[in-house]
Amino acid sequence: MSLDVLDDEHSPFVTILYATETGTAQDVAERLAHHCRRLHLTPKVFSVDAYSPEDIISETFIIFIISTTGSGKEPRSLTPLWTMLLRSDLPNDLFEDLDFAVFGLGDTAYEKFCWPAKLLSRRLVTLGAQEICERGEGDDQHQLGIDGAFEPWKVKLSEALLQIFPLPPDVEPTISDEALPPPRVTIVQGEKVSSGDSSNSAVDLLLEDKRYHNATLARFDRITASDWYQDVRHIEFDFGQDVKYSPGDVAVIHPELSAAHVDSFLISVGYANTADDLFTVEHTLRDQSLPDHMPRTVTLRQLFTRYLDISAVPRRSFFALLRHFVSDELEKEKIDEFLSPEGADLLYEYTQLVHRSIREVIEEFRSAKIPREYVFDLFPPLRPREFSIASSMHRFPRKLQLCIAIVKYRTKLKIPRRGVATTYLSSLQIGDTIPIGIKKGGLINLPADLNTPIICVGPGTGIAPVRAVVEERSLLGAKDSILYQGCRSALKDQYYKAEFEKAAEDGTLTYRVACSRDGPEGVKRTYVQDLIGEDGEKIWDIVGKKQGWLYISGSSNKMPAGVRAAVREAVVKYGGKTEEDAADYVAAMEREGRLIEDCWS
């Protein structure tokens, strides 16, 4: 019996909740939904922040797909649920009627591999839930990427699902993944519009969302030296009205792809002649998502400019679906080779190593003829980008400021790689207006008592949320703040140097800078964690004796772990604790909300 013709009303429902930052966990959740339909189950897929904790408590079966961000933190979308689950007053049998499974996504290059998934699994068990199969842990370092763990875990999950939801005797599961899945939409043809018509339907839908406001670009200043290899910008947007945000909040920007890249793609994929034909999208498979804020009636040109991402590096699942649409035998063989276990290295070298984009792949697989109804299945959504706000609302009630590195780099490919969002922002002119959303960051809180001392650590563009914290505290009258800033050179990339030095002169800030490349050749480089180590006695005075707070912001490489190690050392040396007790003390700071880490990979 084919799954595609089953009556969903008679199929058991399965809830799949995902928590993602980059979209990978959502992609896995939607692939799993396809698989559940092959088992004659009816999946419901939601972002975990779109599903209330009360609804979770009433569920009897949930599959969680949980990614990892930074150096072991949960995605922002998971934070509200996780905060609720950590409440000490929850009964041990809260989830006694819940069966669940968890698949985590992570990278073994980081110490806390799949940490949010592990913690969620353990916490649900302590609250009475039953885990129906061993937790899966996808590793970016595996030669097959996430699929190296996801595919075998999916088999184990299938066995467990069929025990919980046994099929009628006359029904067989359709286990094969080789069949072309049904599209998530149907298309209703409309009229043709002028290619020069830059419809504002996308902007209108964004502005219907109360989290978005029109903002005018007021500043786009380079704050690295003109001869420096990295181009970092101080960007200011003016809303023309009061807006509310707090330190740690993020600006949400929906980028658009350049007309030249979109035109080139439309030609290569054979859509040029119909690119400006209006059509209506009917969402038929509700467990498969559509891009946010997309109008129901749209053109292909609008889709690939605003809603579908042809600049992303394709995942393995992209090639699995693309194979159904290529007719050339050599191209099919190439895809088969990529998808085989033996071809994993070839696929990595072709895509990830050189950051080859979907647009460039389509240009090489020229026989591909992609039906319009499958564009949402093949091409990932063009996700909005989130940037930490680098200013205080109390200083700029109608504006917000950002500190952003323009992404541009070279690989073995001839054409330089560029970031989608920063390329879009660079294309704007002073005075241009775009919709910007403001989203709660969920990570940074300020101590209610202004006399509570804080330590801020912000190397590189990690200075953005830290600058907001320092600015906010200063304007509110706090004086006991220390900033450890990291850069490579005082003359090249010490962002906001003048204003931090002014704050230090005014007595509202203690300012320490580690310039890692300014030392003599052959001498060990100095990083922020080294300065914290030098200031160990003062660090213990703040975090130990005065119960101060610590903020860490920046890239989740070795820096966050190095800072934590330096703090533990201070606790041992000046707090008189053992190394084990020092580790427990730092962990307790985090549980109490006195150690806040806002880092990204």
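Residues numbered from 1 in each chain as written. Predicted model: local features only at pLDDT ≥ 70, side-chain atom pairs only at ≥ 80, totals over all residues. Heavy atoms only, no water.

(A) How the structure looks around the overall build of the protein chain. Across its full length, the protein chain holds 20 helices and 22 strands. Its C-alpha atoms give the protein chain a radius of gyration of 26 Å, near enough to 25 Å, the size a compact globule of 601 residues would have. A principal-axis box enclosing the C-alpha atoms of the protein chain has dimensions of 75 × 60 × 50 Å. Residues classed as buried in the protein chain amount to 53% of the 601 residues present. Pairs at least 24 apart in sequence give 79% of the contacts found in the protein chain among residues at least 6 apart. Summed over its atoms, the accessible surface of the protein chain is roughly 27700 Å², and 49% of this surface lies on carbon and sulfur atoms. Distance from the positive charge centre (70 side chains) to the negative charge centre (92 side chains) of the protein chain: 6 Å. (Helix = DSSP H or I, 4+ residues; strand = E, 2+ residues; numbered from the N terminus. Rg over C-alpha atoms; globule rule 2.2 N^0.38 Å. Buried < 20%, exposed > 50% of the residue type's maximum accessible area, 1.4 Å probe, protein only. Contact = heavy atoms within 4.5 Å. Areas by Shrake-Rupley, 256 points an atom, 1.4 Å probe, with all protein chains shown as cover. Lys, Arg positive; Asp, Glu negative; His and termini not counted. Charge placed at Lys NZ, Arg CZ, Asp CG, Glu CD.)

(B) Local environment of the domain arrangement of the protein chain. Along its sequence, the protein chain is carved into domain 1 (13-164), domain 2 (208-254 + 384-439), domain 3 (259-378) and domain 4 (454-599). Listed as interface residues are 15 residues of domain 1 and, on the opposing side, 11 residues of domain 3. Summing both partners gives a buried area of about 1100 Å² for domain 1 against domain 3, and 41% of it is carried by carbon and sulfur. Together, Glu-30, Gln-143 and Leu-144 form the three largest contributors to the area buried by domain 1 at its contact with domain 3, with a combined 39%. Linking domain 1 to domain 3 there are 2 salt bridges. In this structure, the connection of domain 1 to domain 3 is made through 7 residue pairs in polar contact (both at pLDDT 80 or more). Elements that contribute at least two residues to the side of domain 1 that touches domain 3 include exactly α1 (24-38) and β2 (42-47). If you tally residues by element for the side of domain 1 that touches domain 3, the top one is α1, at 8 residues. For the side of domain 1 that touches domain 3, the residue count by class is 4 nonpolar, 6 polar and 5 charged. (Domains from an automatic or database assignment. Buried area = accessible area lost by both parts, 1.4 Å probe. Salt bridge = Lys/Arg side-chain N within 4 Å of Asp/Glu carboxyl O. Polar contact = N/O pair within 3.5 Å; in protein donor to acceptor, adjacent residues only side chain to side chain. Nonpolar A, V, L, I, M, F, W, Y, C, P; charged D, E, K, R; others polar.)

(C) Looking closely at the pattern of salt bridges. Under the criterion given, the structure shown has 43 salt bridges. As a salt-bridge pair, Arg-301 and Asp-276 come within 2.7 Å of each other at their nearest N and O atoms. With Arg-301 in helix α8 (residues 300-307) and Asp-276 in the loop between α7 (259-268) and β11 (277-283), this residue pair connects regions lying 25 residues apart in the sequence. One salt bridge connects Arg-417 with Glu-360, and the closest N-O pair in it is separated by 2.7 Å. Of the two residues, Arg-417 is situated in strand β16 (residues 417-418) and Glu-360 in helix α12 (residues 358-364); the sequence distance between them amounts to 57 residues. Exposure remark for Arg-417: the relative accessible area of 7% places this residue in the buried category.

(D) Main features of the UniProt feature "domain: Flavodoxin-like" (unreviewed entry) in the protein chain. Look at the UniProt record and you will see "domain: Flavodoxin-like" (unreviewed entry) annotated at residues 14-158. Structurally, residues 14-158 is divided into 36% helix and 22% strand, and its ends, taken at the C-alpha atoms, are 12 Å apart. (UniProt positions renumbered as here; feature names shortened; annotations may be inferred.)

(E) How the structure looks around the layout of surface pockets. Of the voids in this model, the second largest pocket is the one considered here, and its volume is about 1400 Å³. Lining the second largest pocket we find 44 residues, and of these Lys-73, Glu-74, Glu-590, Arg-591 and Leu-595 sit closest to its centre. Elements supplying a minimum of two residues to the lining of the second largest pocket: α3 (79-85), α4 (115-126), α19 (559-575), α20 (579-591) and β22 (595-600). A total of 6 residues in the lining of the second largest pocket trace back to one element, the largest contributor, which is α20. (1 Å grid on protein atoms, 1.4 Å probe; cavity = no way out; pocket = protein on both sides within 12 Å on 5 of 7 lines; lining within 4 Å. Points joined across faces, edges and corners; volume = space filled by probe spheres on them.)

(F) Spatial organisation of the sheet that holds strand β21 (residues 549-555). Read from one edge of the open sheet, 5 strands run β20-β19-β18-β21-β22, paired in parallel fashion. Of all strands in the sheet, those bounded by a partner on one side alone are β20 (510-515) and β22. With strand direction ignored, the average angle separating the axes of adjacent strands in the sheet is 10°. Bridge count between strand β19 (residues 481-487) and β20: 6 bridges; the pairing is parallel. The partner of Tyr-484 across the bridge, within β20, is Arg-512. (Pairing = 2+ DSSP bridges. Axes fitted to C-alpha atoms, helices over the stretch in contact; angles between N-to-C directions.)

(G) Expanded view of the packing of aromatic side chains. For the structure on display, the rule yields 21 aromatic pairs. Judged by centre distance (5.2 Å) and plane angle (55°), the ring pair of Phe-325 and Tyr-374 falls under tilted. Linking Phe-325 in the loop between α9 (316-322) and α10 (329-339) with Tyr-374 in the loop between α12 and α13 (375-378), this pair joins segments that are 49 residues apart in sequence. Residue Phe-325 is classed as buried on the basis of its relative accessible area, which comes to 8%. Classification of Tyr-374 as buried rests on a relative accessible area of 8%. For the ring pair Tyr-496 and Phe-500, a centre distance of 6.4 Å and an interplane angle of 75° mean the geometry is edge-to-face. Judged by relative accessible area, Phe-500 falls into the buried class, the value being 2%. Taken together, the ring pairs connect Phe-265, Tyr-271, Phe-304, Phe-318, Phe-319, Phe-338, Tyr-350, Phe-365 and Phe-379 into an aromatic cluster. (Phe/Tyr/Trp six-rings, centres within 6.5 Å; stacked < 30°, edge-to-face > 60°.)

(H) Seen up close, the packing of α7 against α8. Interaxial distance between α7 and α8 falls to 10 Å at its minimum, and their mutual angle equals 130°. The orientation of α7 with respect to α8, classified from their angle, is oblique. The chirality of how α7 crosses α8 is right-handed. In contact with Val-262, Asp-263, Phe-265 and Leu-266 of α7, α8 contributes Leu-300, Arg-301, Phe-304 and Thr-305. Among the residues forming the contact of α7 with α8, the class breakdown is 5 nonpolar, 1 polar and 2 charged. (Parallel < 35°, antiparallel > 145°, perpendicular 65-115°, else oblique. Left-handed = near helix turned anticlockwise from the far one by under 90°.)

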